[in-house]
Amino acid sequence: MGEAPAFFLDDMQRSFSNGFDLKLKGFETATVIGNKTYVITGTDDPTSTEVRILNKSTGEWVIPTVLGTKPKALKGHSCVVLNEDRILIIKTNSKSNESVWFLEVDTQFIRDQKKKFDTEVVAWSKGVIGNTERPVVISGPSGVGKGTLINKLMKDFPTMFGFSVSHTTRLPREKEQIGVHYHFTKRSIMEEEIKSGRFLEFAAVHGNLYGTSIESVDVVADAGKRCILDIDVQGARSVRASSLEAIFIFVCPPSFEELEKRLRARGTETEEQIQKRLRNAKAELEQGKSTGLFDHILVNDDLEACYERLKNLLSISENMNIAPKTCEVFDLPVDLSLTKVNEKIVIKNAEQKIVLDLSLMKGGAPGRTRGLEMHVIDPFMENGNGCNC
Ligand SMILES: Nc1ncnc2c1ncn2[C@@H]1O[C@H](COP(=O)(O)OP(=O)(O)OP(=O)(O)O)[C@@H](O)[C@H]1O
Ligand SMILES: Nc1nc2c(ncn2[C@@H]2O[C@H](COP(=O)(O)O)[C@@H](O)[C@H]2O)c(=O)[nH]1
């Protein structure tokens, strides 16, 4: 059994009274991992959750690059270190489905990002209770019918699927709506946002920038829906290397001539743009079929037949139009302590005991940390529940 190695104000002053400037404010915790102390500051303000790091060897404070979606109004919280590479944070006085957060400090994702940013990096990842269906990445050359297939899925199963709305620097088409089809943006803004780590993936496609923000995927997951991403092959490769654990589907045309016919018939591109998209399609078709990147290849010949095959491989049938996945939500207490017992975290105060089971934990930054189980221990049943804590 291990007690949470997190300190509150009094402990900190005692632990580091050897000359370091450790003037902690309210709602701060300090967590020690190796020779670094991670100070997490929460306030009422949803935007102001902050992290700073004290290097105990040098006595220097570092403000890290912070990636991921921050917890809102973190205020009261308790921490415990997991695997020496992340801090589990439980928000006090919160709803159970909003209470679990992770600050990754030395995972593979963080080590990769540190090389990219050449600074200290930490990343937030929200904990998701229960299991969610794997996201679906759909790629294929321009005009093959990806959007058409996705629209059919979204229309037939609106409570099951949610579309990840990408950012793009291309101009909107006549019928495209801001924030529905794309977040249309300027190249300079998107480049800055890419630098700041806002995107799960991005790529230059047909002369414009396209990218999936971490938030776009999180919004769908938060609604309890299965996320669908319509992205090019380069983007699919980046997502494959991420923690998202998606299913990858490549859509092919029955022939190159048919692809050209569809692209022209859509009437949304100039002749020059059509030529560019067709040139790129050749390379995309090669890559899509040969790299082993995709789990499934779908030929979009007859639309209805292709749609049936898509539904089959996603294991969905007509009667599955179920409500978004929800799990039981309960309140977490204002004062709580955390104790780590193997792969379980016991969250308790005088009246209540809750167990957070991390044994099936997966995913993580830059996305959600999934597969968590959380339940309240009934005090009358405690001896028979298999949890000796
Ligand atoms: N199986 C099909 N048979 C005939 N036409 C189709 C089929 N699937 C889609 N189409 C038509 O082809 C055109 C291109 O489809 P769509 O816009 O869905 O392609 P896309 O792959 O999403 O393209 P982009 O990558 O450029 O967004 C549309 O006009 C659509 O109605
Ligand atoms: N890598 C990414 N590719 C994306 C994203 N959103 C869309 N796309 C791909 O771009 C082309 C062109 O799309 P269009 O809407 O201009 O016709 C197509 O292949 C899309 O799959 C993204 O976020 N990342």
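Residues numbered from 1 in each chain as written. Chains lettered and ligands numbered in written order. Predicted model: local features only at pLDDT ≥ 70, side-chain atom pairs only at ≥ 80, totals over all residues. Heavy atoms only, no water.

Brief notes about the side chain of Thr41
In this fold, Thr41 is placed in strand β4 (residues 36-41). A polar atom in the side chain of Thr41 sits 2.5 Å from the side chain of Glu28. (Helix = DSSP H or I, 4+ residues; strand = E, 2+ residues; numbered from the N terminus. Polar contact = N/O pair within 3.5 Å; in protein donor to acceptor, adjacent residues only side chain to side chain.)

As for the site of ligand 2
Around ligand 2, the surrounding shell holds 18 residues, and the nearest of these are Ser166, Arg170, Tyr182, Tyr210 and Asp230. For ligand 2, an oxygen atom lies 2.6 Å from a polar atom in the side chain of Arg170. The side chain of Tyr182 places a nitrogen or oxygen atom 2.6 Å from an oxygen atom of ligand 2. When the free accessible area of ligand 2 is taken as 510 Å², the share hidden by the protein chains comes to 95%. Of all elements in the fold, only β16 (199-205) and β17 (208-213) reach the threshold of two or more residues within the shell around ligand 2. Among the residues making up the shell around ligand 2, the classes are represented as 5 nonpolar, 6 polar and 7 charged. (Near = heavy atom within 4 Å. Areas by Shrake-Rupley, 256 points an atom, 1.4 Å probe, with all protein chains shown as cover. Nonpolar A, V, L, I, M, F, W, Y, C, P; charged D, E, K, R; others polar.)

Description of the site of ligand 1
Close contacts around ligand 1 come from 14 residues, with Ser142, Lys146, Gly147, Thr148 and Arg266 the closest. Here an oxygen atom of ligand 1 sits 2.5 Å away from a polar atom, N or O, in the side chain of Thr148. At 3.1 Å from an oxygen atom of ligand 1 is found a side-chain nitrogen or oxygen belonging to Arg277. Protein coverage of the free-state accessible area of ligand 1, which is 630 Å², stands at 74%. Elements represented by at least two residues in the shell around ligand 1 include exactly α3 (146-156) and α7 (256-266).

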